[in-house]
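Descriptive structure summary
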Amino acid sequence: MNYLSAIDTYEIVDVLDAVHKINASDNFNGFPVQINFLRNFTVEGIEPFLEYHSLSGGLQPSITFGNYDMIRQEIMDSTSHLFHDSPDLVVLAIYFDIYLPDWWKVEWSSDDVMRDLVSIYVELSKKTDAIIALNTFIPSFYPEYGIAGEAERHSSYDETLKLNQLIRKFVSTNSRQFVLIDWERMVRILGENDSMDYRFWYMSKLPFKSKFLSYYAYELTKITRALKGKTKKCLVLDCDNTLWGGIVGEDGIDGINLDPNTYPGNIYFEFQKKILKLYERGVLVILCSKNNEMDVLDVLDNHPHCLLSRSHLSGWKINWDDKATNIKILAQELNLGLDSFVFVDDSQIECELIRKLVPEVQVYQVPQRLYEYPVLLDRDGLFDTLTLSEEDSNRTEMYQVEMLRKNEQAKFESIEQYLETLSISISVHKARASEVPRISQLTQKTNQFNLTTRRYSETQIQEIIASPHAEVLSLSVSDKFGDSGLTGVIIATINEGVATVDTFLMSCRVLGRNIEVSFWLTAMKVLERQWGMCTWESEFIPTTKNQQVRDFWKNLNFTEVSEQQGKVVFEFLRTYSKPDSVPYIEINEE
Amino acid sequence: MQFQENELKAVLAKVFGVSADIITEDTSPDSIEEWDSLRHMNLIIALEEYFHVELTDDQVGEILSYKLIKLVLEENNITLASA
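From a predicted model like this one, the values you see are computed outputs, not experimental measurements. (Residues numbered from 1 in each chain as written. Chains lettered and ligands numbered in written order. Predicted model: local features only at pLDDT ≥ 70, side-chain atom pairs only at ≥ 80, totals over all residues. Heavy atoms only, no water.)

1. Describing the overall build of chain A
Helix and strand counts for chain A come out as 21 helices and 18 strands. For chain A, the proportion of its 590 residues judged to be buried stands at 55%. For chain A, contacts bridging at least 24 residues in sequence account for 72% of all contacts bridging at least 6. (Helix = DSSP H or I, 4+ residues; strand = E, 2+ residues; numbered from the N terminus. Buried < 20%, exposed > 50% of the residue type's maximum accessible area, 1.4 Å probe, protein only. Contact = heavy atoms within 4.5 Å.)

2. A look at the pattern of salt bridges
Residues and elements named next belong to chain A. Per the counting criterion, the structure on display carries 37 salt bridges over all chains. The closest approach of N and O atoms between K222 and E219, which form a salt bridge, is 3.1 Å. Here the residue K222 and the residue E219 both occupy positions in helix α10 (residues 210-227), the gap between them amounting to 3 residues, near one helical turn. Residue classification places E219 among the buried residues on the basis of a relative accessible area of 17%. Between K323 and D345 there is a salt bridge, with its nearest N and O atoms 2.8 Å apart. One end of the pair, K323, is in helix α14 (residues 323-333); the other, D345, is in strand β9 (residues 341-345), and 22 residues separate them in sequence. Residues K323 and D345 agree in their burial class; the two are buried. Members of the salt-bridge network, linked through shared partners, are R454, D502, E539 and K567. (Salt bridge = Lys/Arg side-chain N within 4 Å of Asp/Glu carboxyl O.)

3. A look at the confidence of the model for chain A
Summarising the model, chain A shows a mean pLDDT of 89, and 93% of its residues fall at 70 or more. Per-residue pLDDT, averaged within each element of chain A, yields its smallest value for helix α16 (residues 390-409) of chain A (63) and its largest for strand β3 (residues 89-93) of chain A (97). (pLDDT = per-residue confidence, 0-100.)

4. What about a negative patch on the surface?
All names here are of chain B. There is a patch of like negative charges on the surface, built from D57, D58, E62, E74 and E75. For the negative patch, the secondary structure elements donating two or more residues are α3 (57-62) and α4 (66-75). Among the elements that make up the negative patch, the one with the highest residue count is α3 (3 residues). With respect to the helices and strands, E62 occurs in helix α3. (Patch = residues over 30% accessible without salt bridge, like charges linked within 9 Å, V, L, I, M, F, W, Y side chains within 5 Å. Areas by Shrake-Rupley, 256 points an atom, 1.4 Å probe, with all protein chains shown as cover. Lys, Arg positive; Asp, Glu negative; His and termini not counted. Charge placed at Lys NZ, Arg CZ, Asp CG, Glu CD.)

5. Some thoughts on the interface of chain B and chain A
Contacts between the two partners involve 14 residues from chain B, matched on the other side by 15 residues from chain A. Between chain B and chain A the total buried area reaches about 1300 Å² when both faces are included, carbon and sulfur atoms providing 69% of it. Summed over the three residues of chain B that lose the most area to chain A, namely B:K14, B:M41 and B:E49, the buried surface amounts to 44% of that side. Across the pair B:K14 and A:D17 runs a salt bridge whose closest N-O atoms are separated by 3.5 Å. One can count 3 residue pairs in polar contact (both at pLDDT 80 or more) joining chain B with chain A. Of all elements in the fold, only α1 (5-16), α2 (37-51) and α3 of chain B reach the threshold of two or more residues within the side of chain B that touches chain A. Looking at the side of chain B that touches chain A residue by residue, the class counts come to 9 nonpolar, 1 polar and 4 charged. (Buried area = accessible area lost by both parts, 1.4 Å probe. Polar contact = N/O pair within 3.5 Å; in protein donor to acceptor, adjacent residues only side chain to side chain. Nonpolar A, V, L, I, M, F, W, Y, C, P; charged D, E, K, R; others polar.)

6. Here's the deal with the environment of B:E49
Relative to the helices and strands, B:E49 resides in helix α2. Exposure remark for B:E49: the relative accessible area of 16% places this residue in the buried category. With residues near it in sequence (within four places) discarded, B:E49 still touches A:Y10, A:E11, A:I12 and A:S210.

7. Quick look at helix α13 (residues 293-302) of chain A
Residue and element names in this part refer to chain A. Along α13, the residues classified as buried are V296, L297, V299 and L300. Taken around the axis of α13, the buried residues stretch over an arc of 150°, which confines them to a single face. Away from its buried face by more than 90 degrees, α13 exposes M294 and N302. Along its buried surface, α13 packs onto α11 (248-251), β7 (284-289) and β8 (313-318). (Arc of directions from axis to C-beta.)

8. With respect to the packing of helix α2 (residues 47-56) of chain A against α10(A)
Residues and elements named next belong to chain A. Look at α2 against α10: their axes get within 8 Å of each other, and the N-to-C directions meet at 40°. Here α2 lies oblique to α10, going by the angle between them. As α2 packs across α10, the resulting crossing turns out to be right-handed. Contacts between α2 and α10 involve F49, L50, H53 and S54 on the former and, on the latter, S210, L213, S214, A217, Y218, L220 and T221. Class assignment of the residues belonging to the contact of α2 with α10 gives a composition of 6 nonpolar, 5 polar and no charged. (Axes fitted to C-alpha atoms, helices over the stretch in contact; angles between N-to-C directions. Parallel < 35°, antiparallel > 145°, perpendicular 65-115°, else oblique. Left-handed = near helix turned anticlockwise from the far one by under 90°.)

This is the structure in structure tokens:
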């Protein structure tokens, strides 16, 4: 049995086959991602697996490997190709036996080794803005001193555990650029037999078996997926036999299984715990169930063991309509792409329906072996983001406010009339240091209202802010229903009187209120106060997701200058007249 | 256990990323550029996974042509029927 569904495919012929098929299909259009390895051992075996997981995750990978055991040399070598093809992810892969071949005969200390490792990490971070993946080390499987006990001796096992803890600490305090691939944990999950390839280790310095390599590749893909905005945002759950055992409409609120002290209620209880954890990380939780709304809400409100309550939900569709239609409506209401949805249901028919009619949605069926259910959403890491920002945990609240707004909207005759009553107020200011994580996250996650879809790490945003020739402006929006937080970013550069808009993006949460126009007019004012009157240049770089902003620059009175391979360049001369300001939006600039 | 010879050719074709049509009795690292030391490891793993055999250390070093692969598979009680 394999709990890691993500690496169910690890046999090399199957993996190569799948890679070939995806690459050959006409309609696959993956987001390019550059992954460069710096390593001290033979890690090339990972390539087919990394291609497979990347392609399966909607990414088109390009992978390079630095020279064998030349990590420091490559970092020092300014001509190394490693840094020239501007990687998105640099994987530093260090195998301990090669790094410290004398470990078995000297008394090494984790502190000394860590000092040396940190010097590598720091040098590397000076050379690249890319996200850097580090690994922990694999503690020895068998005790060095036999049953006589290691506790009072200096053991390599002990030092390795301490060293791994130091590496974890380093990553968590430097999470702007570093992420961790925890080999120790991976080996614990897979076991020695499925991880270690002693044959190829002694023959060719390749220490890992296919399962481990596939798992390693999958963990790396979690990072690139988050980096390229492929993270799932919304969890849609069925109710009967999904949130609890049994059918509430037939068994009644007292007859369903959700008791943490009995089987199988304890399984559903455990699953609900996992949902709450995801909710706390900012995942939007939604119910979609063929049921009487009253029955379901009664369980949420009144069942003594139901952990999930109305306040955790960003919405629900509890009715007798087909679920594909319901999900499409939800996507519209929440302004989210269908490919950011994950759907969980116990019924094979419902799962198949969604797979067929809404193939963008990731579908999970409640497993036949019910005891595998609680880890179902943990292992694939589909909701993972690179950093956990404070806004994430507020997100559900903001979407609830969004639903409230939508309901009000229905009461007015014209949209303008409605917007006037909202008391919209925006604040535009130069990005503050504390906003860097959120801004970086917005560049990575925003797909629809994003004119250029340029993804930036936190380090890169900091560099832009520090540059004398560039500015980052952030937008916050509030109205009578609540505060939407930081929901828009403009990045512009200046060069001899010509200002270029590098990035213009807004979160879907604040669309449909002409806020983008006010944001632009205010940004222009703020920047021209600093740079003087400018000629403005801007671009639209099309993706499959941002068609709604194709005419955005034209609507702001820009004229089209050129079009090349879909990318359109616009300009706004000093003589052009600005678009009208939006009367019902109050502007605060700082 | 019995397999079709085409299956063996397909395994090689996938591992080396070439068309199965170009694989003959004499195919070896000399005739296929893609057959380097790294892909040789993939070939070993692929053969073991596909045919459910475990090659000995000697066999791992020996199988440097299509003919030799067939021989080694036979030593492991795999017969290959030609189509």
